[in-house]
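# Descriptive structure summary
Single-letter residue listing:
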Amino acid sequence: MNTPVTPASGSPASFALASDPLPVAGFACAQGVLLVGGRPITELAEQFGTPFYAYDSALLDARVAQLRAALPPGVGLHYAMKANPMPALLRRMVGLVDGIDVASGGELQRALSAGARPQDISFAGPGKRAEELQQAVAAGVLVNVESPRELPLLAAAQDELARPARVALRVNPDFELKGSGMRMGGGAKPFGIDAEAVPAVLREVGRLGLRFEGFHLYAGSQNLRAASICEAQRLSYELALRLADHAPAPVRVLNLGGGFGVPYFSGEQPLDLAPIGQNLQALLERAAQEMPHAQLVLELGRYLVAEAGVYVARVLDRKLSRGQVFLVTDGGLHHHLAASGNFGQVVRRNYPVRIGTRMQATADEHELASVVGPLCTPLDLLADRMQLARAQEGDLVVVFQSGAYGASASPQDFLGHPRVAEVLV
Ligand SMILES: *Cc1c(COP(=O)(O)O)cnc(C)c1O
């Protein structure tokens, strides 16, 4: 049975259900109510209405600090803003990391508005429109070229604007990242240029007079196995080193991708950063000899922001159907597609969900319940038969690990319910 273990009121210690190996780390509670950034979620609910996402800025800071401590100095840390483009959060991240990776002209605009310097922005993504490439050259950001099609468009923009088109080639490697939630390299992929085609494309970069700066490799996402990430980094480095022989200029940026995962589900363990730090140290030492102009860069999305965010919805109805409890909330898949299991999961599993207004409920105050949203579809499920504190109408349900791929990755217009509020605390 679940035995809730909770800290003393207001203590900043983390808490977890004893039987649940997934800690809901970093958050505190007071009088049984979850705090985000020191503020009770009941107070945030009054101020912003429900449902809402709340992001804890101190946890963002702590995550980046912890990562910097584990990685060798000299490795650039970029934030892939598609994980969470909320303006206040993005501004915070701009102040914490070394660069922002954008994947559309819209994201580029937002990154610049958030104060990112053009020289610290890179722009990846397949199917860039001619106007987006022009926008990138005008702004002076680095374009991670995904297809030979982009080259003449960049050359035209360079001539027209009389500004250098800064390019790196995104390489689709000849290996895969093992154990990834989403594979984005290796085999046949719409992302990047197949490694074997890269030498010819590099010749074209030289012929067109584009400013070559380096390579970008991105093997996959949501990986919790440090050994797989280390292997992908090493193979990426070695592939880039081979391709560098064909480049028209020295490699200045070697973006080794990211893929660092966070534990979402029961039984998953946080990523062990120590071996990754050692691996990168070894690659830095090699690079100092073999690619002396190159800066090594990592680009991380969810790892930086997911654990700093919660999604909060209010219980509108408590229904019993043939012996099963359903907590019907004002939030659901239209705000949090990922928690409903419909954003890339193969098998639906429960995100860490708690009743955020009953954080100190004892074991005998728990029950088996499902949390659903107001949408008229069985897909609208936030928790499927979980042990939760017994909740009533008005209680607040909290979905943890919700700082990435939340509001912006959900179909907010589906069924016409209100949009979700977002707040950085
Ligand atoms: C999506 C994406 C990321 C971020 O992925 P996370 O799993 O959030 O870390 C980084 N780089 C590229 C190229 C991506 O497409």
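This structure is a prediction, so every number in the text was calculated from the model and none was measured.

Parameters at a glance
Residues numbered from 1 in each chain as written. Predicted model: local features only at pLDDT ≥ 70, side-chain atom pairs only at ≥ 80, totals over all residues. Heavy atoms only, no water. Domains from an automatic or database assignment. Buried area = accessible area lost by both parts, 1.4 Å probe. Salt bridge = Lys/Arg side-chain N within 4 Å of Asp/Glu carboxyl O. Polar contact = N/O pair within 3.5 Å; in protein donor to acceptor, adjacent residues only side chain to side chain. Pairing = 2+ DSSP bridges. Helix = DSSP H or I, 4+ residues; strand = E, 2+ residues; numbered from the N terminus. Near = heavy atom within 4 Å. Areas by Shrake-Rupley, 256 points an atom, 1.4 Å probe, with all protein chains shown as cover. Nonpolar A, V, L, I, M, F, W, Y, C, P; charged D, E, K, R; others polar. Core = buried A, V, L, I, M, F, W, Y, C linked by side-chain atoms within 4.5 Å. Buried < 20%, exposed > 50% of the residue type's maximum accessible area, 1.4 Å probe, protein only. Contact = heavy atoms within 4.5 Å. Lys, Arg positive; Asp, Glu negative; His and termini not counted. Axes fitted to C-alpha atoms, helices over the stretch in contact; angles between N-to-C directions. Parallel < 35°, antiparallel > 145°, perpendicular 65-115°, else oblique. Left-handed = near helix turned anticlockwise from the far one by under 90°. Expected span 1.5 Å × (residues − 1). Arc of directions from axis to C-beta.

## Describing the domain arrangement of the protein chain
Interface size, as often reported, equals the accessible area lost upon joining of the parts. Once the domains are mapped, the protein chain shows domain 1 (13–56 + 308–424) and domain 2 (85–300). Buried surface at the junction of domain 1 and domain 2, both sides included, amounts to about 1,300 Å², of which 67% is carbon and sulfur. The tally of links from domain 1 across to domain 2 stands at one salt bridge. Between R349 and E268 there is a salt bridge, and its shortest N-O distance comes to 3.7 Å. Counting the contacts that link domain 1 with domain 2 gives one residue pair in polar contact (both at pLDDT 80 or more).

## Thoughts on the sheet that holds strand β4 (residues 33–36)
An order of β3-β4-β5 is seen for the three strands of this open sheet, with the pairing classed as antiparallel. Taken across any chain shown, the strands that pair with only one partner, and hence form the sheet edges, are β3 (28–30) and β5 (39–40). Taken together, the two bridges between β4 and β5 define a ladder with antiparallel strand orientation. Across the sheet, L35 pairs through a bridge with P40, a residue of β5.

## Concerning the site of the ligand
As a structural note, the neighbourhood of the ligand is formed by twelve residues, with K82, S221, E299, R302 and Y405 the closest of them. Measuring from an oxygen atom of the ligand, one finds a backbone N or O atom of G301 at 2.9 Å. With respect to the ligand, the backbone of R302 contributes an N or O atom lying 2.8 Å from an oxygen atom. Within the complex, 92% of the 380 Å² of free accessible area of the ligand lies under protein. Considering only residue class, the shell around the ligand consists of five nonpolar, three polar and four charged.

## Some points on the nonpolar core
Judged by nonpolar contacts, the single largest core of 131 residues is most densely connected at Y79, I100, F215, L254 and F260. Sort the elements by how many residues they give to this core and helix α8 (residues 226–244) lands first, with eight residues. With sequence-adjacent residues up to four places away left out, I100 is seen in contact with H78, Y79, M81, L90, V94, A111, A116, D120, I121 and S122.

## Notes on the side chain of E107
Its place among the elements puts E107 in helix α4 (residues 105–113). No salt bridge is formed by the buried E107. Its closest oppositely charged neighbour is R110, at 7.6 Å. Those residues in contact with E107 that sit more than four places away from it in its chain are M81, K82, D101 and V102.

## Some details on the pattern of salt bridges
Overall, the coordinates contain 20 salt bridges when judged by the stated rule. Between E43 and R39 there is a salt bridge whose closest N-O contact spans 2.9 Å. The exposure class of E43 is partly exposed, given its relative accessible area of 36%. Accessibility expressed as a relative area gives 25% for R39, which makes it partly exposed. Between D98 and R68 there is a salt bridge; the shortest N-O distance is 3.0 Å. Placement of the pair is D98 in the loop between α3 (87–96) and β8 (99–102) and R68 in helix α2 (residues 57–70), with a sequence separation of 30 residues. Assessed through its relative accessible area of 33%, D98 is described here as partly exposed. Taken together, the shared-partner salt bridges in this structure form one network comprising R234, E238, R286 and E290.

## Details of the side chain of E367
As for its placement among the helices and strands, E367 is situated in strand β21 (residues 366–372). A polar side-chain atom of E367 sits 2.9 Å from a polar atom in the side chain of R318. Among all residues touching E367, those that are not within four sequence positions of it are R318, V325, M386, Q387, L388, R390 and A391.

## Some points on the packing of α2 against α3
Remark: α2 packs on α3, axes separated minimally by 11 Å, with the N-to-C direction vectors making an angle of 30 degrees. Comparing the axis directions of α2 and α3 gives the class roughly parallel. The handedness of the crossing between α2 and α3 is right-handed. Within the contact between the two elements, α2 uses S57, L60, D61, V64 and R68 and α3 uses L89, R92, M93 and L96.

## Side note on helix α6 (residues 150–161)
For α6, spanning twelve residues, the distance from its first C-alpha to its last is 16 Å, which sits close to the expected 16 Å at 1.5 Å a residue. E150, L151, L154, A155, A157 and Q158 are the residues of α6 that are buried. Down the axis of α6, the buried set is contained in an arc of 160 degrees. They therefore lie on one face. Exposed positions of α6 whose direction lies more than 90 degrees from the buried face are D159 and E160. Its buried side turned inward, α6 meets α5 (130–139), β10 (142–145), β11 (166–172), α7 (198–208) and β14 (211–217). Two residues or fewer past α6, A162 is found with a positive phi of approximately 55 degrees.

## Overview of the packing of α8 against helix α9 (residues 273–290)
Two numbers describe how α8 lies on α9: the axes approach to 9 Å, and their chain directions differ by 10 degrees. Between α8 and α9, the angle falls in the class roughly parallel. Taken together, the residues of α9 that come into contact with α8 (itself represented by A226, I229, C230, Q233, R234, Y237, E238 and L241) are P275, I276, N279, L280, L283, R286, A287 and E290.

## Remarks on the pairing of strand β18 (residues 309–321)
Examined bridge by bridge, strand β6 (residues 52–55) and β18 share four bridges and lie antiparallel to one another. Residue pairing in the sheet places F52 in a bridge with V312 of β18. Inspection of the sheet shows β18 paired to strand β23 (residues 396–399) by four bridges, in the antiparallel sense. Following the sheet pairing, A313 is matched in β23 by V397. Judged from the six bridges that link them, β18 and strand β19 (residues 324–329) form a sheet pairing that is antiparallel. Paired with K319 across the bridge in β19 is F326. Linkage of β18 to β19, two consecutive antiparallel strands, is achieved through a turn of two residues, within which R322 is found at a positive phi near 50 degrees.

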